[in-house]
Amino acid sequence: MKQIQRFRLLFLGGSIGLSMLLTHLFGLILGLGLFLSAYIGFIVYTRKRGSNTLNSLGLSNSNSDTATNKGQHANNNISGGSKITYICLSCGRKVSGRTCRKCGSRMKKAVF
Ligand SMILES: [Zn+2]
């Protein structure tokens, strides 16, 4: 964990320093172009390695979103399986306990 934080700081500082150096050396537009290509190269490099470096840097939000979506689907599959669930008769919400959490009704029906 500490190594990742150090790597993140190193990466941020290095990227800022590199961008400043490149813009200083090659002018603003060319330097920014070089910096962006290096940045994209770094992203492709880490993605090819299949490491969690991108996740730790917060660069792959879409990946984490799909991961959470998959988790939700898995949960739906579990609840839609052999386990019996109850649905509130007054508001239609899933009831996990004895009474509905939303409206407090005890009227519920079993769903297989
Ligand atoms: Zn209810």
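Rules and cut-offs
- Residues numbered from 1 in each chain as written.
- Predicted model: local features only at pLDDT ≥ 70, side-chain atom pairs only at ≥ 80, totals over all residues.
- Helix = DSSP H or I, 4+ residues; strand = E, 2+ residues; numbered from the N terminus.
- Contact = placed C-beta atoms within 7 Å.
- Pairing = 2+ DSSP bridges.
- Expected span 1.5 Å × (residues − 1).
- Buried ≥ 20, exposed ≤ 12 C-beta atoms within 10 Å, placed from the backbone.
- pLDDT = per-residue confidence, 0-100.

Trainee: What is the right way to read the overall build of the protein from this model?
Mentor: When its secondary structure is counted, the protein shows four helices and three strands. Beginning at the N terminus, the succession of helices and strands in the protein can be written as α-α-α-α-β-β-β. Of the contacts made within the protein by residues no fewer than 6 positions apart, 18% connect residues no fewer than 24 positions apart.

Trainee: Is there a simple way to explain the pairing of strand E1 (residues 85-88) in this structure?
Mentor: Sheet topology places E1 next to strand E3 (residues 108-111); four bridges connect them, and they run antiparallel. Residue pairing in the sheet places Cys 88 in a bridge with Lys 108 of E3. With two bridges connecting them, E1 and strand E2 (residues 94-95) associate as antiparallel partners. Counterpart to Ile 87 in the pairing with E2 is Lys 94. Between E1 and E2, which pair antiparallel one after the other, the connecting turn spans five residues, and Gly 92 there sits at a positive phi close to 80°.

Trainee: I'm lost on helix H1 (residues 2-26) in this one. Help?
Mentor: Within an α-helix, residues lying three or four positions from one another point in the same direction, as the helix has 3.6 residues per turn. Counted at 1.5 Å a residue, the expected span for H1 with its 25 residues is 36 Å, and the 35 Å between its end C-alpha atoms agrees. Counting buried positions along H1 gives zero out of 25 residues, so the element sits mostly on the surface. Looking one or two residues beyond H1, the residue adopting positive phi is Gly 27, at roughly 90°.

Trainee: What exactly am I supposed to notice about the confidence of the model for the protein here?
Mentor: Residues shown with low pLDDT carry predicted positions that ought not to be read at fine detail. Per-residue pLDDT for the protein has a mean of 75; in total, 70% of the residues score no lower than 70. Mean pLDDT values over the elements of the protein span from 49, in helix H4 (residues 61-79), up to 92, in E2. For residues 72-81, every residue scores under 50 in pLDDT, and the model assigns this stretch two contacts once sequence neighbours within four places are set aside.

Trainee: What's the story with the sheet that holds E2 in this structure? I'm lost.
Mentor: Two orientations exist for strands paired in a sheet by backbone hydrogen bonds: parallel and antiparallel. The antiparallel open sheet is built from three strands, whose spatial order is E2-E1-E3. Edge positions in the sheet fall to E2 and E3, since each of these pairs with one other strand and no more.

Trainee: So what exactly am I meant to see when it comes to the environment of Thr 85 here?
Mentor: Mapping Thr 85 onto the fold places it in strand E1. Taking the number of C-beta atoms within 10 Å as the measure of exposure, Thr 85 has 15 and is therefore partly exposed. With 27 residues separating them along the chain, Thr 85 and Phe 112 place their C-alpha atoms 6.6 Å apart.

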